[in-house]
2 protein chains.
Amino acid sequence: MSAFLNDGFVADGEARLHGSDLSMQRGYALFDFLRTVHAQPLFLQEHLNRFFHSADALHLKVEKSKEGLTQIIHQLIQQSGLQEAGIRLLLTGGYSADTYHAATPNLLITCNPVKTSTPELFEKGVSAITYQHQRELPHIKSINYLMAVWLHPLLEQKKADDVLYHQNNIITEFPRANVFAVTKENILITPAHNMLKGITRSFILKEAAAFMEEEERDITVDELYTASEIFLTSTTRRVMPVLRVDEQMVGDGKPGVVAKKLWKVFEKMEDALIGRPKP
Amino acid sequence: MSAFLNDGFVADGEARLHGSDLSMQRGYALFDFLRTVHAQPLFLQEHLNRFFHSADALHLKVEKSKEGLTQIIHQLIQQSGLQEAGIRLLLTGGYSADTYHAATPNLLITCNPVKTSTPELFEKGVSAITYQHQRELPHIKSINYLMAVWLHPLLEQKKADDVLYHQNNIITEFPRANVFAVTKENILITPAHNMLKGITRSFILKEAAAFMEEEERDITVDELYTASEIFLTSTTRRVMPVLRVDEQMVGDGKPGVVAKKLWKVFEKMEDALIGRPKP
């Protein structure tokens, strides 16, 4: 594997940053993550747009253009020889002289094998617990997952796969995924505020609009408990049914109709990419 | 300058971590920071205790003993030739295989020149603005200063030196310092909850108890506005008068009696370390 660091390709072992970098000093960095399908980056423009948005919001400058980054990403994919890869773009606060103020950002782009969901994992679904927490600066894809990683032992203890954050009983997001629910009235609902609007989330909203009513609005934990269907969406998991929340069964405890439909939408979209020439 | 990385001393340029480290992936790391006076580490035991407490709280194991770390720190100080140095101990979530779960922690200890406060800076004091924010896991000295660094442009715009966090009008802490106030009744007050209890804060509470009444309790922003004196305490700044809060003058706008007394306590304590043999 190789990587791209600031202004050139480096061997994976050299994809290192000095300890004075503001990411290690103050957790000050942002990233984006996308995957390839048949060696083609999925939703590349959307991810690059969000990467630049995050950088702008954290007052950091991306020295490369979107075209430049696109070229680097294609080269990394080619070098890796991977069909299914995860591309991560990291932009940090740079080597800070006073360990507190941002300097020239460091840019690190990596390309690694990625595990995505499978039909078997989709059928199995996941279980979640709710937990009161509001991420700071939730519209920015910062590297701050302190709470998420800190909660791993609690998840083990509760035998849950993931945690769904809420603030004062209003649900927001999973640490790495968005949440959707289907109401008894067959309306697709998803939170509107205080979370990161995922690129898969946007795709789902667009696709589901073709066959059902949608609402982006506040959802309480109690409303979630009565949903006929819940699922999460993310880059690697696409659509993943949530079959238990806080030890309560969701619907009949099996993947729901809407999640199944959306899974098929993904299959179709990804199949269409086979053998498509690179842009 | 040299540094200590995991199991040996390295040149400063080699004090680097691979991008797969959980600090850069998920902001998952903790640290502690102490300074030397006349080449002797100040409050070393207290800092090591807190370092181990933070590691424990983040479910990370420090492979070295306190005695081992003490020895490494003394060697780094000696190698640096510095009289006044800043020692930083960083413990990260390690090189994570799945970029999300903690692995074997990386330990990086550095020793660099440090700028501490001076009598001139003490006289000048600082200005602060209040800002609503609650750090997650505030009792842990994690590397998460995302909000603090993000707020730098606001501080510039407001021509303020630092930001004092409050949550629902109850003040907590500065990003890198604790806050104290002196009431009109001459009682020294400082927040009790939802912040990091600094080692300088403990020292101040112990020393000030000799000459005044103290209360650790909730303090509202409004109460702060009417204080006759406000100061912050930190490792590098010792005691620093806060002379303006949200554009309101504190007391008569000059360093107060209590802050001056405590500054002298520091001078005396640090002078006593000259030529003291190393432990």
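Just so you know, these numbers come straight off a predicted model, no measurement behind them.

Conventions adopted
- Residues numbered from 1 in each chain as written.
- Chains lettered and ligands numbered in written order.
- Predicted model: local features only at pLDDT ≥ 70, side-chain atom pairs only at ≥ 80, totals over all residues.
- Heavy atoms only, no water.
- Contact = heavy atoms within 4.5 Å.
- Buried area = accessible area lost by both parts, 1.4 Å probe.
- Salt bridge = Lys/Arg side-chain N within 4 Å of Asp/Glu carboxyl O.
- Helix = DSSP H or I, 4+ residues; strand = E, 2+ residues; numbered from the N terminus.
- Nonpolar A, V, L, I, M, F, W, Y, C, P; charged D, E, K, R; others polar.
- Pairing = 2+ DSSP bridges.
- Buried < 20%, exposed > 50% of the residue type's maximum accessible area, 1.4 Å probe, protein only.
- Core = buried A, V, L, I, M, F, W, Y, C linked by side-chain atoms within 4.5 Å.
- Phe/Tyr/Trp six-rings, centres within 6.5 Å; stacked < 30°, edge-to-face > 60°.
- Least-squares fit on C-alpha atoms with pLDDT ≥ 70 in both.
- Axes fitted to C-alpha atoms, helices over the stretch in contact; angles between N-to-C directions.
- Parallel < 35°, antiparallel > 145°, perpendicular 65-115°, else oblique.
- Left-handed = near helix turned anticlockwise from the far one by under 90°.
- Expected span 1.5 Å × (residues − 1).

A.B. asks: Would you explain the interface of chain B and chain A in this entry?
C.D. replies: The parts lose accessible area when they come together, and the size of an interface is often stated as this lost area. Contacts between chain B and chain A engage 41 residues on the former and 41 residues on the latter. Interface of chain B and chain A: buried area, both sides summed, is about 4,000 Å²; carbon and sulfur atoms make up 58% of it. Taken together, the links from chain B to chain A amount to two salt bridges. With a shortest N-O distance of 3.3 Å, Glu14(A) and Arg16(B) are connected by a salt bridge. Contributions of two or more residues to the side of chain B that touches chain A are made by strand E3 (16-18), helix H1 (22-26), strand E6 (85-92), helix H5 (146-150) and helix H6 (152-158) of chain B. Residue composition of the side of chain B that touches chain A, grouped by class: 22 nonpolar, 12 polar and seven charged. The pairing of strand E3 (residues 16-18) of chain A with E3(B) spans three bridges and is classified as antiparallel. Within the sheet, the bridge partner assigned to His18(A) lies in E3(B) and is Arg16(B).

A.B. asks: Just to check I follow, could you spell out the sheet that holds strand E5 (residues 40-41) of chain A for this structure?
C.D. replies: Through backbone hydrogen bonds, the strands of a sheet pair up, either in parallel or in antiparallel fashion. Residue and element names in this part refer to chain A. Sheet architecture is open: six strands sit in the order E2-E1-E7-E6-E4-E5, paired in antiparallel fashion. The open sheet has two edge strands with one neighbour each: strand E2 (8-11) and E5. Pairing of strand E4 (residues 29-37) with strand E6 (residues 85-92) involves seven bridges; the strand directions are antiparallel. Note on E6: the bridge partner recorded for Ala29 is Thr92.

A.B. asks: Please explain the sheet that holds E6(B) as it appears in this structure.
C.D. replies: All names here are of chain B. In spatial order, the strands read E2-E1-E7-E6-E4-E5; together these six strands make up an open sheet with antiparallel pairing. In this open sheet, the two strands that pair with only one neighbour each are strand E2 (8-11) and strand E5 (40-41). Judged from the three bridges that link them, strand E1 (residues 2-5) and strand E7 (residues 107-113) form a sheet pairing that is antiparallel. Within E7, the residue paired with Phe4 across the bridge is Ile109.

A.B. asks: What is the right way to look at the pairing of E6(A) in this model?
C.D. replies: If a strand is regular, its side chains alternate between the two faces of the sheet. Residues and elements named next belong to chain A. The buried fraction of E6 amounts to eight of the eight residues, a majority that puts the element mostly inside the structure. Burial along E6 is two-sided: Ala85, Ile87, Leu89 and Leu91 facing one way and Gly86, Arg88, Leu90 and Thr92 facing the other are all buried. Taken together, the seven bridges between E6 and strand E7 (residues 107-113) define a ladder with antiparallel strand orientation. Paired with Gly86 across the bridge in E7 is Asn112.

A.B. asks: Is there a simple way to explain the nonpolar core in this structure?
C.D. replies: Within the largest apolar cluster, 102 residues are counted, with the highest numbers of intra-cluster contacts made by Leu69(A), Leu89(A), Ile109(A), Leu69(B), Leu89(B) and Ile109(B). Look past the residues within four positions of Ile109(B) in its chain and what remains in contact with it is Ala3(B), Phe4(B), Leu69(B), Ile72(B), Ile73(B), Leu76(B), Ile87(B), Arg88(B) and Leu89(B).

A.B. asks: I keep staring at the packing of aromatic side chains and nothing clicks. Help me out?
C.D. replies: Residues and elements named next belong to chain A. On inspection of all chains with the given rule, the structure shows 14 aromatic pairs over all chains. When the ring of Phe51 is compared with that of Phe52, the centres are 6.2 Å apart and the planes differ by 85 degrees; the resulting orientation is edge-to-face. Residue class for Phe51 comes out buried when judged on its relative accessible area of 0%. For the pair Phe180 and Phe231, a centre-to-centre distance of 5.3 Å together with 15 degrees between the ring planes defines the contact as stacked. Placement of Phe180 in strand E11 (residues 178-182) and of Phe231 in strand E14 (residues 229-234) is noted, with a sequence separation of 51 residues between them. Phe231 gets classed as buried once you look at its relative accessible area, which sits at 0%.

A.B. asks: Explanation requested: the relation of the copies chain B and chain A in the structure shown.
C.D. replies: Between the two chain copies there is a screw-like relation: a rotation about an axis and a shift along it. The two copies are related by a screw operation: chain B maps onto chain A through 180 degrees of rotation and 0.0 Å of translation along the axis, at an RMSD of 0.0 Å. Classification of the inter-copy transformation places it as that of a two-fold axis. For chain B, the smallest separation between a C-alpha atom and the rotation axis is recorded for Gly27(B), amounting to 2.5 Å. Of all interface residues in chain B, 100% are interface residues in chain A too; the two copies therefore contact each other through one and the same surface.

A.B. asks: For this particular structure, what's the right way to read the side chain of Asp162(B)?
C.D. replies: Residues and elements named next belong to chain B. Assignment of secondary structure puts Asp162 in strand E9 (residues 162-167). According to the relative accessible area criterion, Asp162 is buried, its value standing at 5%. Not counting chain neighbours up to four residues away, the residues in contact with Asp162 comprise Ser127, Ala128, Ile129, Leu155, Phe174, Pro175, Leu232 and Arg237.

A.B. asks: For this particular structure, what's the right way to read the pairing of strand E8 (residues 126-132) of chain A?
C.D. replies: Residues and elements named next belong to chain A. Most of E8 sits inside the fold, with five of its seven residues counted as buried. Pairing analysis gives three bridges linking E8 to strand E15 (residues 238-245), with the strands arranged parallel. Note on E15: the bridge partner recorded for Ser127 is Arg244. Pairing analysis gives five bridges linking E8 to strand E9 (residues 162-167), with the strands arranged parallel. Residue pairing for E9: Gln132 is matched across the bridge by His166.

A.B. asks: Would you explain the packing of helix H2 (residues 44-57) of chain A against helix H3 (residues 66-80) of chain A in this entry?
C.D. replies: If you want to describe how two helices pack, look at the angle between their axes and the distance between the axes. Residues and elements named next belong to chain A. Closest axis-to-axis distance for the H2/H3 pair is 11 Å, and the angle between their directions is 125 degrees. With respect to their mutual orientation, H2 and H3 come out oblique. Where H2 crosses over H3, the handedness of that crossing is right-handed. Residue-level contacts link Leu44, Gln45, Leu48, Asn49, Phe51 and Phe52 of H2 to Lys66, Leu69, Thr70, Ile73 and His74 of H3. Among the residues forming the contact of H2 with H3, the class breakdown is six nonpolar, four polar and one charged.

A.B. asks: Can you help me understand helix H2 (residues 44-57) of chain B in this one?
C.D. replies: Residues separated by three or four positions in an α-helix point in the same direction, a consequence of the helix having 3.6 residues per turn. Residue and element names in this part refer to chain B. Over its 14 residues, H2 runs 20 Å from end to end, which matches the ideal 20 Å to within 8%, given 1.5 Å per residue. Along H2, the residues classified as buried are Leu44, His47, Leu48, Arg50, Phe51, Ser54, Ala55 and Ala57. At the C-terminal side of H2, His59 shows a positive phi close to 60 degrees.

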